Amino acid sequence: MPIVSPSLLAADLFKLGDQIKLIEQTDASYLHVDIMDGHYVPNINFGDKIVGELKQHTALTLDCHIMVNQPEQVIMDVAAAGGDILTFHPETSAHPYRLIQEIQRLGKKAGIAFDPGIALSTYADLLPLVDQVLVMTVSPGFGGQSFLPAMVEKVAAAKQLREDNDYHYDIEVDGGVNADTGQQCVTAGANVLVAGSYVFKGEIAERIESLTRL
Ligand code: DX5
Ligand code: ZN
């Protein structure tokens, strides 16, 4: 069963408590929190404060997706606030190798995210270390964009590399995921599905169930 990670970006913030309770009654075990800086991506939204609040109110795994330039300090703050998985875009950090080690030293899971324009081979030397590879299936920055079908091949390549080299990472996809595109990703080897609009712009429990049963 794939892990489903509903993306907070699409939630109704005025009903957040109720929506999280609904998610907790499903098989979704993650909550995806996008953190953006208005520089690396042209949008600004959540930060470590909401991560801290979420930590106090839910046992869901906080799957934090950090889209900021020079992410070192933000990552440490989000980790201290209770983020469980810290995934960043390696091109935003001067020393991504060290950053992965620092995240793991805190007892957290470290992930790296691949923009649609960046090949897995660009960061081949990070793959043995990481706990999660996030294959972006849209260009990062906004919810509600259309899934990029060409990324399915990248998911398959990430799976192949993991098999060939005995790596241990989960493969997560993020952007434009619904039951149909999610199925393509699961078939290719993804085991963590992030979904924002699909989950929150419909009946939450039903939509999550349609993904957990893929
Ligand atoms: C986009 C974010 C996604 C976003 C996905 O940069 O990383 O997590 O919330 O939203 P949907 O599922 O609507 O494409
Ligand atoms: Zn995300």
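All values reported here derive from a predicted model rather than from experimental measurement.

Participant: Please give an account of the site of ligand 1 that cites residues and values.
Facilitator: Taken together, 22 residues sit near ligand 1, with Ser7, Leu9, Gly143, Gly196 and Ser197 positioned nearest. Looking at the shell around ligand 1, the elements that each hand over two or more residues are strand S2 (30-36), strand S8 (192-195) and helix H7 (197-200). Residues that form the shell around ligand 1 fall into these classes: nine nonpolar, eleven polar and two charged.

Participant: Can you lay out the environment of Asp84 for me, pointing to particular residues and giving the numbers?
Facilitator: Within the element layout of this structure, Asp84 appears in the loop between helix H3 (72-81) and strand S4 (85-88). If sequence neighbours within four positions are ignored, Asp84 has contacts with Thr61, Leu62, Lys108 and Lys109.

Participant: Account for the pairing of strand S5 (residues 109-114), with residues named and values stated.
Facilitator: Here S5 lies mainly inside the structure; six of its six residues are buried. Burial along S5 is two-sided: the residues Lys109, Gly111 and Ala113 and Ala110, Ile112 and Phe114 are all buried. In terms of handedness, the path from S4 via helix H4 (residues 96-105) over to S5 forms a crossover that is right-handed. As judged from the four bridges shared by S5 and strand S6 (residues 132-136), these two strands associate in the parallel manner. Residue Gly111 lies in a different strand from S6, and its bridge partner there is Gln132.

Participant: An account of the UniProt feature "binding site: a divalent metal cation" (unreviewed entry) in the protein is needed here, citing residue identities and associated values.
Facilitator: Taken from the UniProt record, the annotation "binding site: a divalent metal cation" (unreviewed entry) applies to His32, Asp34, His65 and Asp174. Look at the named residues: they lie 143 residues apart in sequence, but the longest C-alpha span between them is just 10.6 Å, so in the fold they bunch up. His32 gets classed as buried once you count the C-beta atoms within 10 Å, which come to 29. Ignoring anything within four residues of it in the chain, the contact list for His32 reads Ser5, Pro6, Ser7, Leu8, Asp63, His65 and Val194. Residue position: His65 is located in strand S3 (residues 61-67).

Participant: An account of the sheet that holds S5 is requested, with residue identities and associated values reported.
Facilitator: Pairing is parallel in the open sheet, where eight strands are placed in the order S1-S8-S7-S6-S5-S4-S3-S2. On the outer flanks of this sheet lie strand S1 (3-6) and S2, each paired with one strand and no other. On average, adjacent strands in this sheet sit at an angle of 25 degrees to one another, irrespective of strand direction. Of the pairings in the sheet, the one linking S2 to S3 comprises seven bridges and is parallel in character.

Participant: Outline unusual backbone geometry, supporting the account with residue identities and numerical values.
Facilitator: Leaving glycine aside, a negative phi is the common case for residues, and trans is the common case for peptide bonds. Of note in the backbone geometry, Gln70 takes a positive phi value of approximately 45 degrees without being a glycine. With respect to the helices and strands, the residue Gln70 is situated in the loop between S3 and H3. One non-glycine residue with positive phi stands out, namely Asp166, at about 65 degrees. By secondary structure assignment, the location of Asp166 is in the loop between helix H5 (151-165) and strand S7 (170-174). The class for Asp166 is exposed, based on 7 C-beta atoms found within 10 Å.

Rules of the game
Going along each chain's sequence as written, the residues are numbered from 1 onward. To label them, take the chains in the order written and letter them from A, then take the ligands in the order written and number them from 1. Where totals are concerned, whole chains, interfaces and linings use all residues; where local detail is concerned, this predicted model gives features only for residues with pLDDT of at least 70, and gives and counts side-chain atom pairs only at 80 or more. For each residue, a C-beta atom is placed from the backbone, and the residue counts as near a molecule or strand when that atom lies within 6 Å of it. Numbered from the N terminus, helices here are DSSP runs of H or I no shorter than four residues, and strands are runs of E no shorter than two. Under the grouping applied here, Gly and all other residues not named as nonpolar or charged are polar, the nonpolar ones being Ala, Val, Leu, Ile, Met, Phe, Trp, Tyr, Cys and Pro and the charged ones Asp, Glu, Lys and Arg. Throughout, a pair of residues is in contact if the C-beta atoms placed from their backbones lie within 7 Å. Buried residues are those with 20 or more other C-beta atoms within 10 Å of their own C-beta, exposed residues have 12 or fewer, and partly exposed residues lie in between; C-beta atoms are placed from the backbone. A right-handed crossover is one whose linking path, passing over the helix from the first strand to the second, runs clockwise when the strands point away from the viewer. Between any two strands, pairing holds if DSSP finds at least two bridges. UniProt positions are given in the numbering used here, feature names are shortened, and annotations may be inferred rather than shown by experiment. Here an angle of 0 to 180 degrees is reported between the N-to-C directions of two axes, which are lines fitted to C-alpha atoms, with helices fitted over the stretch in contact.

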